[in-house]
Amino acid sequence: MEFEFPDRDRLEAANDADVADLPRAYRVSCTRDHPTVSDVTEASIDAVTDIPELGDLEPGSTVGITAGSRGIEVLPEVLEAIVAELHSRGFEPFVFPAMGSHGGATPEGQRETLATLGITPDRLGCEIRSSLAVEQVGTDSTGRPVYAAEDALEADAVLLANRIKLHTDFQGDVESGLCKMAVVGLGKQRGADNMHNAALERGFHEVIPEWADILIEETPIVGGVGIIENTAEEAAEIHGVSAPDLLEEEPKLLERSKEFFPELPVDDLDLLVVDAMGKEISGTGLDTNVIGRVRFHNQAEVDEPSITRIYVRSLTPASHGNALGMGLADLVHRDIASAVDFEDTYVNIVTSGETNRAKLPFVVPSDATAFILSASMTGVASAGDLRIARIKNTMEPEELWVSEPVAEDLTDRDDIQIHEDEQWVFDEHGELAMSWE
């Protein structure tokens, strides 16, 4: 779809600011000590060994393993190790997409989403079964139906695999992790849509544990492999959890994950510039815990960080046009508006239930335009006072370019390294031309 947006000259003439008026930029990195799994394959096999229910299966049993749409760096390696271990025990493993409505809510789209993440039959050494077919397996306390994928129900056992971390929509004992993979992933598009509607009424923190309990009881889930990441997006820990212990153990793993959660080293900004948003970065495109914006019905907003304006420069190719989360920003580059697949985005929004996150923000034709207009949109006295931070994405918020007022606040911190400084550099088209190296 083609849109007509104002050009640079028209917009930049709306105020008296110029890029030459911007404060100097400093490249900054935050250093934190964090553990790293030295051998992901070995740790994944150990996690499978920690699930005793697998020992009750007969040789030749089929084991379905979930694979979501998130950009989890070690997930292909973890799945590969799990498949190899199950093969060694004489089982017949297969992987199936467990991602609600992502991938356009089609079998082909979900298979393509996995391939984009490096999850393919050739790499894993097993079949990938992609179907959106579900069956009702129970009802919750309010009478709502609970669904599970037919692929999961036809298996002799199901093994959940997912990252355990803070969720972008809510706070609770279990957030993003194995229980959510059971409820949303196994539920496919229909189950995910139904769960999100239930959550709009009662809250995710109530619905997900209740529905996970039903699914553990009514499906062949035997346990899960939970990945905790460090701030460098590497595996910090990999845990195996048996199904009967899932609702008790996952809250403990969530608390552990909070110790490694990446965050901006500054809480007060006039302008946050994000180079890329995308579905493999966060389910909301932009991690709400990093940017300090939730914008979800019946969920409270957070106090920190306090960011007046957020500008996003691009949508990742792996998102395939799904721009859910663009409504969390105030300004986006014209390239994002051109890249949006509204069918994928709207299907995802219908499933998740929050229309605010699909709204198209103020569209600018260049990076320079966003910087110049921020002088009129943040309440600062002059462009030279702007508190600016630029990050690659919300998975990597501890590597930044910041403006001089922010750098001054960070100078005395032991965990901060301040590198070279220069003026903000834009090319002839007004696009940022500053290296991360």
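Please refer to the structure placed before this passage.
Because the structure is predicted, anything quoted here is derived from the model rather than measured.

Peer 1: Just checking my understanding: could you explain the pairing of strand β11 (residues 306-312) for this structure?
Peer 2: Consecutive side chains of a regular strand alternate in pointing toward one face of the sheet and then the other. Pairing between strand β10 (residues 268-274) and β11: six bridges, direction parallel. By the bridge assignment for β11, V273 is matched with Y311. For β11 and strand β12 (residues 331-333), the ladder comprises two bridges, and the chain directions are parallel. By the bridge assignment, V312 is partnered in β12 with V332.

Peer 1: What's the story with the sheet that holds strand β16 (residues 416-422) in this structure? I'm lost.
Peer 2: Sheet strands pair via backbone hydrogen bonds, and the direction of the pair is either parallel or antiparallel. Strand order in the open sheet formed by eight strands is β13-β12-β11-β10-β14-β15-β1-β16, with mixed pairing between adjacent strands. Each edge of the open sheet is held by one strand with a lone partner, namely β13 (362-364) and β16. Mean inter-strand twist for the sheet, computed between neighbouring axes without regard to direction, equals 25°. Pairing analysis gives five bridges linking strand β1 (residues 25-30) to strand β15 (residues 399-403), with the strands arranged antiparallel.

Peer 1: Sorry if this is basic, but what is going on with the nonpolar core here?
Peer 2: One broad rule of soluble globular proteins: the nonpolar side chains tend to lie buried together. L160, M195, L272 and V312 are the most contacted members of the largest nonpolar core, which totals 81 residues. Broken down by element, the residue count for this core peaks at eight residues, all from helix α9 (residues 204-218). Apart from residues lying up to four places away in sequence, L160 is in contact with T66, L178, M181, A182, L186, I221, G223, G224, V225 and L246. Judged by nonpolar contacts, the second largest core, of 36 residues, contains A47, A67, V78 and V95.

Peer 1: Any chance you could explain the pairing of strand β5 (residues 134-139) here in plain terms?
Peer 2: Relative to strand β6 (residues 145-149), β5 is paired through five bridges, and the arrangement is antiparallel. Across the sheet, T139 pairs through a bridge with P145, a residue of β6. The hairpin turn running from β5 into β6, its antiparallel successor, is five residues long, and G143 in that turn takes a positive phi close to 95°.

Peer 1: How do you make sense of the packing of helix α7 (residues 178-185) against α9 when you look at a structure like this?
Peer 2: Direction vectors running N to C along α7 and α9 enclose 75°, while the axes themselves pass 9 Å from each other. The orientation of α7 relative to α9 falls into the category roughly perpendicular. From α7, C179, K180, A182 and V183 reach across to α9, where they touch I208, W211, A212 and L215. Taken together, the residues of the contact of α7 with α9 break down into seven nonpolar, no polar and one charged.

Conventions and cut-offs
- Residues numbered from 1 in each chain as written.
- Predicted model: local features only at pLDDT ≥ 70, side-chain atom pairs only at ≥ 80, totals over all residues.
- Heavy atoms only, no water.
- Pairing = 2+ DSSP bridges.
- Helix = DSSP H or I, 4+ residues; strand = E, 2+ residues; numbered from the N terminus.
- Axes fitted to C-alpha atoms, helices over the stretch in contact; angles between N-to-C directions.
- Core = buried A, V, L, I, M, F, W, Y, C linked by side-chain atoms within 4.5 Å.
- Buried < 20%, exposed > 50% of the residue type's maximum accessible area, 1.4 Å probe, protein only.
- Contact = heavy atoms within 4.5 Å.
- Parallel < 35°, antiparallel > 145°, perpendicular 65-115°, else oblique.
- Nonpolar A, V, L, I, M, F, W, Y, C, P; charged D, E, K, R; others polar.

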